[in-house]
Amino acid sequence: MSSFVSIQAVSQRLDQRAKELEVEIAAAQARAGLDLSEVTDREDEASRRANARAAGGEWERDLAELHEIAQAQKRLADGRYGQCADCGADIGEKRLWAQPSAIRCTPCQTVFERSARTPHTAA
């Protein structure tokens, strides 16, 4: 990793985002709580359940991002931060600044995303 993306700056960004996510997760958990004792009709019940499902999806995304941040912090501590998990090359500064928890360089990430979108067929 080059001097542009300093370890301290990355660590601060990761810590800041983790704190934001923890607040968002707590809010999503509060929104997901279903108090059906106040439900006045079936439409109200359905609306509350739909809101809880939406909050749950948001919560899951936030938890996944929080996990990615924890992994990036571990790579920082281990001295492996900024190395592509697939090819071992340095991940570009711009990519790391835009996505501090990135584990792949841009070319490897592109291959990964294409393979995830391509349906795999059994031979």
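Shown above is the structure to which this text applies.
This write-up is about the structure you can find in this document.

Rules behind the numbers
Residues numbered from 1 in each chain as written. Predicted model: local features only at pLDDT ≥ 70, side-chain atom pairs only at ≥ 80, totals over all residues. Heavy atoms only, no water. Helix = DSSP H or I, 4+ residues; strand = E, 2+ residues; numbered from the N terminus. Buried < 20%, exposed > 50% of the residue type's maximum accessible area, 1.4 Å probe, protein only. Contact = heavy atoms within 4.5 Å. Areas by Shrake-Rupley, 256 points an atom, 1.4 Å probe, with all protein chains shown as cover. Phe/Tyr/Trp six-rings, centres within 6.5 Å; stacked < 30°, edge-to-face > 60°. Lys NZ or Arg CZ within 6 Å of the ring centre and 35° of its normal. Salt bridge = Lys/Arg side-chain N within 4 Å of Asp/Glu carboxyl O. Core = buried A, V, L, I, M, F, W, Y, C linked by side-chain atoms within 4.5 Å.

## Focus: the overall build of the protein chain
Scanning the protein chain from terminus to terminus reveals 4 helices and 0 strands. Going from the N terminus to the C terminus, the protein chain shows its helices and strands as α-α-α-α. For the protein chain, the residues scored as buried account for 22% of the 123 residues in total. Partitioning the intrachain contacts of the protein chain with sequence separation of at least 6 by distance along the chain shows that 53% fall at a separation of at least 24. Total accessible area on the protein chain is roughly 8,400 Å²; 52% of this is exposed by carbon and sulfur atoms.

## Side note on the packing of aromatic side chains
Using the criterion set out here, one finds 0 aromatic pairs in the structure. Above the plane of the ring of Trp-97 lies Arg-13, whose end atom (NZ or CZ) is 4.3 Å from the centre. Here Arg-104 stacks its cationic end above the ring of Phe-112, 3.7 Å away from the centre of that ring.

## Concerning the side chain of Gln-109
Position of Gln-109 among the secondary structure elements: in helix α4 (residues 106–117). Classification of Gln-109 as buried rests on a relative accessible area of 15%. The residues touching Gln-109, leaving out its near neighbours within four places in the chain, are Arg-95 and Arg-104.

## Focus: the pattern of salt bridges
Tallied over the full model, the rule gives 6 salt bridges. Across the salt bridge formed by Glu-65 and Arg-17, the nearest N and O atoms sit 2.8 Å from each other. Here Glu-65 is found in helix α2 (residues 42–78), whereas its partner Arg-17 is found in helix α1 (residues 7–32), with 48 residues between them in sequence. Two residues, Asp-78 and Arg-80, come together in a salt bridge whose shortest N-O distance is 3.2 Å. With relative accessibility at 42%, the residue Asp-78 sits in the partly exposed group.

## Brief notes about the environment of Cys-108
Topologically, Cys-108 is positioned in helix α4. Here Cys-108 falls in the buried class, since its relative accessible area comes to 16%. Separated by 22 residues in the primary sequence, Cys-108 and Asp-86 place their C-alpha atoms 6.7 Å from one another. Once residues lying within four places of it in the same chain are set aside, the contact partners of Cys-108 are Cys-84, Asp-86 and Cys-87.

## Regarding the environment of Leu-21
Note that Leu-21 resides in helix α1. Distance from Leu-21 to Arg-61, taken between C-alpha atoms, is 9.7 Å for residues 40 residues apart in sequence.

## A short note on the nonpolar core
Proteins that are soluble and globular tend to have nonpolar side chains buried together. Grouped together as the largest cluster of nonpolar side chains are 13 residues, with contacts concentrated most on Val-10, Leu-14, Ile-69, Leu-76, Tyr-81 and Cys-84. If you list the elements that add at least two residues to this core, you get α1 and α2. The dominant element in this core, judged by the number of residues it contributes, is α1, at 4 residues. When residues no more than four places from it in sequence are discounted, the contact partners of Cys-84 are Ala-89, Ile-91, Ile-103, Arg-104, Cys-105 and Cys-108.

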